[in-house]
Amino acid sequence: MTQQHPDPGPPAVRRQWGSDRRTAPHPLVPAKVSEGRMAIGRLAIVLTVSAWAVYVAYTVEQQFIEGKADSARLVIEAVVYLLMVTGLATSAMAYLITRIGFFYRARAHQRASRAVLDAFFDTPAAAPVTVLVPSYQEDERTIRTTLLSAALQEYPGLQVVLLLDDPQRPTTARARRLLADARAQPEVIETQLAVPASRFQAAQALLERELSEGRVSATADVSALAEHYTFAVDWLTELGAEHPVLDHTDQFFVDHVLGGLARDLATVAAALADAAAEEVVLPVERLRQLHRRLVSTFTARVTSFERKRYRSLSHEPNKAMNLNSYIGLMGGSYQEVDTPVGLALVPCSARAADLVVDEPDFVLTLDADSMLLPEYAARMVHLLSQNSHARVAVAQTPYSSFPGAATRLERISGASTDLQHIVHQGMTQYDATFWVGANAVLRKKALDAIVEVDFDGDFEIRRYIQDRTVIEDTESTIDLGVHGWSLVNYPERLAYSATPPDFGSLCIQRQRWANGGLLILSKLRQQVRARRARGERNRFGELFLRVNYMASICWSSICLLGMLLYPFNDELLNPLLLLVSVPYFLMMAGDLRSVGYRRTDVLRIYGFNLILLPVNLSGTFASLLQLITGEKSAFKRTPKVRDRTTAGAVYLLAPMALIAWCVATIVVDVRLGQWVNLGFATLNAVLATYAMVAFVGLGHTATDLWVHLRDWLYRPVPTAPARGVGAAPAPDRRPRPTRAVGVVEPTAVPDWASVLHYGLPSVASAVPGGEERPLPPRPVTAAEPDGEAAVVAAFRDFIFFTVFQPVVDLTTQEPVGYEALCRFADGRPPEERLAAARDRGLGVDLDGAMLRASLAAAAGLPAGAWVSVNVSAGMWDARRELASIVGRATSPVVLESGGLVGGRDLDPADVPLGVRVALEDPLVGYDSFSRVEQQRPAFLKLGRETTAGLEHDPARRALLAALVPFAAARECEVVASGVETAAELAALQSCGVRLGQGFFLGLPAPAPAPSAARAALG
């Protein structure tokens, strides 16, 4: 199992004074809260509400009733100050309420035993689960630990997919290395897991075979099982010993992911060994369960997927669309089709597929910088499988911070994260759970209920997780609520995630968190109306907590900044304000102590939030800007790199300006004797200064500001490369002969089918298997470029590829022919692109190119099958060119015709010799009989307008039943297109229709491309 690892080098970050000294993670199950602590929490709520109410009443009485606010300025100050105090008190109340909810849940939680979980998986087939790990330019160690923590879940038949979103053509050596390392990880992990998995699978198969032959369980089975568990422990221990430990996240992975699983299995191994020593015989079912646990834990299919390889998938630069792209493929089979601008995934049958994506019952999403403890998947799926949780769409454990952070910034950021765990758990008590995107198990059926389908031209783009804002998980929470789904936070700590290692990356993360909440508030009204329409009650507690969660960053930042910057009337300051805020800070200090931090860290968190005020306000401003302009904010990924991320200049200068303002306020307050305001300004100045020194660092601040100043002063100007060996030749500036308008000149470039079907001359080579041949002469104006560039410039917008949909005999269910369908590389419908070509005077040329490409590709269809191609009205008028194209076809050809130029009927002289015609008639009617009688086509093709709902329309069925024998008597076959359901198929068969086409009968797919097909283009 030995694996070669590159020398990781020394750790990138030295341990700072004041860093996290914890080594053990939080307890899995929170301790039961005492009655005394519950009572103190309730008292804090009562004190906060009472102090706020008394302060508001006192201020109103003093300022407005007694008339101390005797000017417009003082009235406005009093009103604004009351609003600010109310906003901050509201946020404090939300925290105090959620912690009480957390206490209730911690006391009520009953953990399912291991035996219950094992019995749960005794069912014939556990619900399929697919783990999706979105990743963008993460280093190998980060990806490896995350994938291993997912693959080693104690869940049967797990599939783990790494969704790589790195650029497909990296421009730096580091980016190329990251991509290569990431691509290699799934195979490396699968190879490692194959060693224990194959052993345990063989042992399970042997046991099942012997039991099926009538052998009963014996003590030897217990001894053998103990040896297997011991092997698993040794394998995990060796894997941990080989893993390079560079920081606290590596140590956590070795000690508590691999080590925790090893300790658990070692306990079972010891128990089995003791049972064997006492000659105990375990029941057969328990033996099976213990074997199944080993197989489930070490068997996983680990793969990767890169959406940016495919033109048919969204390339929006955000995590939501990375997830959506793969989720949208689930349950389908796809063939990779080469187009001139890249690959496209086209649905096809499973037999012809290059990619088959399973349809799971549950999707587990996991960020690439997170880790799961081994029981995560089993406990989440067990919860979601209970009847009482049938309408739960998302189950998760809000992530905790890794213990042992080496820097003060990571430690205090981790403390905020661990407090947020308490908040999120408490919100579930009031049905106000929000999806936290770092980890979650999603019910696939719920995702299907909220999917929105858009089209990028002809390509379908499915959005399960909204990407309208950069906090996609928050918006999707409301979408699920609108559709009647709920969410649950499982009250254990089973997931851990990294915090940003430096101030620059922290600013990017927190700015993203602050951006989007205001935009989602309007959707909350949709949830309220939807619940009311379903007859469900809207609880005030839920609405209060949801509004606070989405908007409190905005109002708290504005209120606190206003109090810091504006010199309010001194009479508005009152000792009662301490009673509004002190309970909040005291309770937070106690919570910090309960999760392993110091009580005094509450002051550090306050100072930390002071220097983050500009970051939060920046996110709020971005939300308002998107609300006004409608332009979506750019998704900024949080850097997870060992090199420090430079912080934005405004995020460094603004806290320094705030400190300077507080110092100036102190000077003024001393001179005016405003002692209450002096104390407030002093506290803020001291804590903000401490935060800048301890969490940002004076040296890092100076370095980052110098980098920004240098980039502003010195901007490199691109210069032309020096002339010399290997340099590009200078352009030929000699005058060229002027060509007159209308002069006909030949241009030696590839033909249309070559240019459009195989690629532009500038990016694709000549057609394989044939030679380039010139286009027919055409008029060239003096303003036009000549030669190959003219073709490239004129037809760059019309790159396409061809797929074929089978026309099926409804009796035998076998294809008898195929319709060629052209798909444009930009995703737009063919009708739109043909109209655009006609507007440029290129309609007939483009239609001819599509015919050439379709007939050439049809050479790969099964022998004897005819191919049907659509012919535009303009192409029918170009009889000579049409006959030339069709004459080179290697398969029987059917030309489909709609309306002709001028509305005239198709004349026999229009049809090339040896070619059959299909007339398109969308809706069956009396005109259908007339067209068959007058024009005598080989086929009459009825559209979706005829097929849709045919089983419910007796009149339409009667017309169709009469049309079929009428057409047959005139040697015309009726073809029904758009068949999408079994009921429509049965209705068509009852009417005597023999041929059909549609998604129910066969999906469009590319034909094989033998050399003969390509040679036919020449």
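Residues numbered from 1 in each chain as written. Predicted model: local features only at pLDDT ≥ 70, side-chain atom pairs only at ≥ 80, totals over all residues. Heavy atoms only, no water.

Looking at an unreviewed UniProt entry, the protein carries the name Glycosyltransferase family 2 protein, with the source organism given as Klenkia sesuvii. In its Subcellular location (unreviewed entry) section, UniProt records this for the protein: "Membrane". (UniProt positions renumbered as here; feature names shortened; annotations may be inferred.)

Engineer: Explanation requested: the overall build of the protein in the structure shown.
Structural biologist: Secondary structure summary: the protein contains 33 helices and 25 strands in total. For the protein, with 1018 residues in total, the buried portion stands at 53%. Excluding contacts between residues fewer than 6 apart, the proportion of contacts in the protein whose partners are at least 24 apart in sequence is 78%. Accessible area for the protein stands at about 45200 Å²; split by element, carbon and sulfur atoms hold 59% of it. (Helix = DSSP H or I, 4+ residues; strand = E, 2+ residues; numbered from the N terminus. Buried < 20%, exposed > 50% of the residue type's maximum accessible area, 1.4 Å probe, protein only. Contact = heavy atoms within 4.5 Å. Areas by Shrake-Rupley, 256 points an atom, 1.4 Å probe, with all protein chains shown as cover.)

Engineer: Teacher, can you tell me more about the pairing of strand E21 (residues 893–897) here?
Structural biologist: Each regular strand shows side chains that alternate between the opposite faces of the sheet. Most of E21 sits inside the fold, with 5 of its 5 residues counted as buried. Every second residue of E21 is oriented toward a common face, with Val 893, Leu 895 and Ser 897 on one face and Val 894 and Glu 896 on the other, all of them buried. Two elements, strand E20 (residues 866–871) and E21, share 5 bridges in a ladder whose sense is parallel. Within E21, the residue paired with Ser 868 across the bridge is Val 894. Relative to strand E22 (residues 916–921), E21 runs parallel, the two sharing 4 bridges. Within E22, the residue paired with Glu 896 across the bridge is Ala 918. (Pairing = 2+ DSSP bridges.)

Engineer: In this structure, what is going on with the UniProt feature "transmembrane region" (unreviewed entry) in the protein? I would like to understand it.
Structural biologist: Within this numbering scheme, the UniProt entry marks residues 39–58, 78–97, 547–566, 572–590, 602–628, 648–668 and 675–698 as carrying the feature "transmembrane region" (unreviewed entry). Spanning residues 78–97, this segment combines 100% helix with 0% strand, and its end C-alpha atoms are found 28 Å apart. Secondary structure content for residues 572–590 is 79% helix and 0% strand, and the end C-alpha separation is 30 Å.

Engineer: Sorry, what's going on with helix H15 (residues 517–533) here?
Structural biologist: Residue pairs spaced three or four apart in an α-helix point in one direction, given the helix's 3.6 residues per turn. The end-to-end C-alpha distance of H15 is 25 Å, a good match for the 24 Å that 17 residues give at a rise of 1.5 Å each. For H15, the set of buried residues is Gly 517, Leu 519, Ile 520, Lys 523, Leu 524, Gln 527, Val 528, Ala 530 and Arg 531. On its buried face, H15 is in contact with helix H13 (472–482), helix H16 (540–565) and helix H19 (613–629). In the stretch just after H15, Gly 535 is the one whose phi turns positive, near 80°. (Expected span 1.5 Å × (residues − 1).)

Engineer: Just checking my understanding: could you explain the pattern of salt bridges for this structure?
Structural biologist: Pairs may arise between side chains of opposite charge once their charged atoms sit close together. On inspection of all chains with the given rule, the structure shows 52 salt bridges. Its salt-bridge partner being Asp 181, residue Arg 177 comes within 3.9 Å of it at the nearest N-O pair. With Arg 177 and Asp 181 both in helix H5 (residues 173–212) and 4 residues apart, the pair spans about one turn of that helix. Of the residues examined, Arg 177 reaches a relative accessible area of 45% and is grouped as partly exposed. Among the charged side chains, a network of salt bridges with common partners joins Arg 111, Arg 114, Asp 118, Glu 154, Asp 264, Arg 286, Arg 293, Glu 375, Arg 379 and Glu 492. (Salt bridge = Lys/Arg side-chain N within 4 Å of Asp/Glu carboxyl O.)

Engineer: Hey, could you run me through the side chain of Ser 333 in this one?
Structural biologist: Along the chain, Ser 333 falls in strand E4 (residues 333–339). The residues touching Ser 333, leaving out its near neighbours within four places in the chain, are Val 346, Pro 347, Cys 348, Ser 349, Ala 350, Ala 353, Leu 355 and Val 356.

Engineer: Would you explain the nonpolar core in this entry?
Structural biologist: By size, the foremost hydrophobic cluster in this structure holds 78 residues, and its most contacted members are Tyr 229, Leu 236, Leu 272, Phe 298 and Leu 364. With 64 residues, the next largest nonpolar core counts Leu 419, Leu 560, Val 615 and Ala 694 among its residues. (Core = buried A, V, L, I, M, F, W, Y, C linked by side-chain atoms within 4.5 Å.)

Engineer: It is not clear to me how the sheet that holds strand E8 (residues 370–372) should be interpreted in this structure. Could you clarify?
Structural biologist: Spatially, 3 strands are ordered E8-E15-E10 in an open sheet, and the strand pairing comes out mixed. Every other strand in the sheet has two partners, leaving E8 and strand E10 (400–401) as the edge strands with one partner each. Bridging between E10 and strand E15 (residues 495–497) involves 2 bridges; their strand directions are parallel. The partner of Ser 400 across the bridge, within E15, is Tyr 496.

Engineer: Would you mind showing me how to read the packing of helix H1 (residues 35–65) against helix H2 (residues 72–108) here?
Structural biologist: The geometry of a pair of packed helices is captured by two quantities: the angle between their axes and the separation between those axes. Where H1 meets H2, the closest approach of the two axes is 10 Å, and the angle between their N-to-C directions is 170°. Here H1 lies roughly antiparallel to H2, going by the angle between them. Taken together, the residues that form the contact of H1 with H2 break down as 22 nonpolar, 5 polar and 5 charged. (Axes fitted to C-alpha atoms, helices over the stretch in contact; angles between N-to-C directions. Parallel < 35°, antiparallel > 145°, perpendicular 65-115°, else oblique. Nonpolar A, V, L, I, M, F, W, Y, C, P; charged D, E, K, R; others polar.)

Engineer: Please clarify how the sheet that holds strand E24 (residues 973–976) should be interpreted in this entry.
Structural biologist: Strand pairing in a sheet relies on backbone hydrogen bonds. The paired strands run either parallel or antiparallel. The strand order around the closed barrel built from 8 strands is E18-E19-E20-E21-E22-E23-E24-E25, with neighbouring strands paired in mixed fashion. Pairing of strand E23 (residues 939–942) with E24 involves 4 bridges; the strand directions are parallel. Among the inter-strand pairings, Phe 939 is bridged to a residue of E24, identified as Glu 973. Across the face of the sheet, helix H26 (residues 843–857) comes into contact with strand E18 (800–809), strand E19 (814–824), E20 and E21 while running at roughly 170° to E20.

Engineer: Would you explain helix H32 (residues 982–990) in this entry?
Structural biologist: Those residues of H32 that fall on the buried side of the exposure criterion are Glu 984, Leu 985, Ala 987 and Leu 988. Mapping the buried residues of H32 onto a view down its axis gives an arc of 165°, with all of them on the same face. If you follow the buried residues of H32, they end up packed against helix H30 (944–947), helix H31 (954–968) and E24. Two residues or fewer after H32 comes Gly 992, characterised by a positive phi angle close to 90°. (Arc of directions from axis to C-beta.)

Engineer: I'm lost on the environment of Val 663 in this one. Help?
Structural biologist: Looking at the element boundaries, Val 663 is found in helix H20 (residues 649–672). Sequence separation of Val 663 and Val 686 is 23 residues, and the distance between their C-alpha atoms is 9.3 Å.

Engineer: I keep staring at the packing of helix H17 (residues 576–594) against helix H18 (residues 601–611) and nothing clicks. Help me out?
Structural biologist: The N-to-C vectors of H17 and H18 enclose an angle of 115°; their axes lie 9 Å apart at closest approach. When the axis of H17 is compared with that of H18, the two are roughly perpendicular. Seen from H17, the contacting residues are Phe 585, Met 588, Ala 589 and Leu 592; seen from H18, they are Asp 601, Val 602, Ile 605 and Tyr 606. When grouped by side-chain class, the residues that make up the contact of H17 with H18 number 7 nonpolar, no polar and 1 charged.

Engineer: What should I look at first to understand the packing of aromatic side chains in this one?
Structural biologist: Both the distance between ring centres and the angle between the ring planes are used here to describe each pair of aromatic rings. Counted by the stated rule, this structure contains 22 aromatic pairs. Between Phe 102 and Phe 103, the ring centres sit 6.0 Å apart and the planes meet at 55°, which makes this aromatic pair tilted. This pair shows no difference in class: Phe 102 is buried, exactly as Phe 103 is. With a centroid separation of 5.2 Å and an interplanar angle of 65°, the aromatic rings of Phe 305 and Tyr 326 are classed as edge-to-face. Placement of the pair is Phe 305 in strand E3 (residues 300–305) and Tyr 326 in helix H9 (residues 319–327), with a sequence separation of 21 residues. Looking at Tyr 326, the relative accessible area reads 5%, which means it is buried. (Phe/Tyr/Trp six-rings, centres within 6.5 Å; stacked < 30°, edge-to-face > 60°.)

Engineer: Explain the side chain of His 256 here, please?
Structural biologist: As for its placement among the helices and strands, His 256 is situated in helix H7 (residues 248–277). Of the polar contacts made by the side chain of His 256, one reaches the backbone oxygen of Thr 23; its length is 3.4 Å. (Polar contact = N/O pair within 3.5 Å; in protein donor to acceptor, adjacent residues only side chain to side chain.)

Engineer: Honestly, a nonpolar patch on the surface in this entry has me stumped. Any pointers?
Structural biologist: On the surface, Val 60, Phe 64, Ile 65, Val 75, Val 79 and Leu 83 cluster together into a nonpolar patch covering about 500 Å² of accessible area. For the nonpolar patch, the elements supplying multiple residues, two or more each, are H1 and H2. Mapped onto the elements of the fold, Leu 83 is located in helix H2. For Leu 83, a relative accessible area of 58% translates into the label exposed. (Patch = residues over 30% accessible without salt bridge, like charges linked within 9 Å, V, L, I, M, F, W, Y side chains within 5 Å.)

Engineer: Please clarify how the environment of Leu 239 should be interpreted in this entry.
Structural biologist: As for its position among the elements, Leu 239 is in helix H6 (residues 219–242). Each C-alpha atom of the pair Leu 239 and Gln 192 lies 9.2 Å from the other, and the pair is 47 residues apart in sequence.

Engineer: In this structure, what is going on with the confidence of the model for the protein? I would like to understand it.
Structural biologist: For any part of a model where pLDDT is low, the fine detail of the predicted coordinates should not be relied upon. This prediction gives the protein a mean pLDDT of 85; 86% of its residues lie at or above 70. Mean pLDDT across the elements of the protein bottoms out in strand E17 (residues 778–779) (34) and peaks in strand E7 (residues 362–366) (97). Throughout residues 720–793 the model reports pLDDT below 50, and contacts reaching past four residues in sequence, or to other chains, amount to 97 contacts. Considering only residues more than four positions removed or in separate chains, one finds that residues 1010–1018, a stretch of pLDDT under 50, has 23 contacts. (pLDDT = per-residue confidence, 0-100.)

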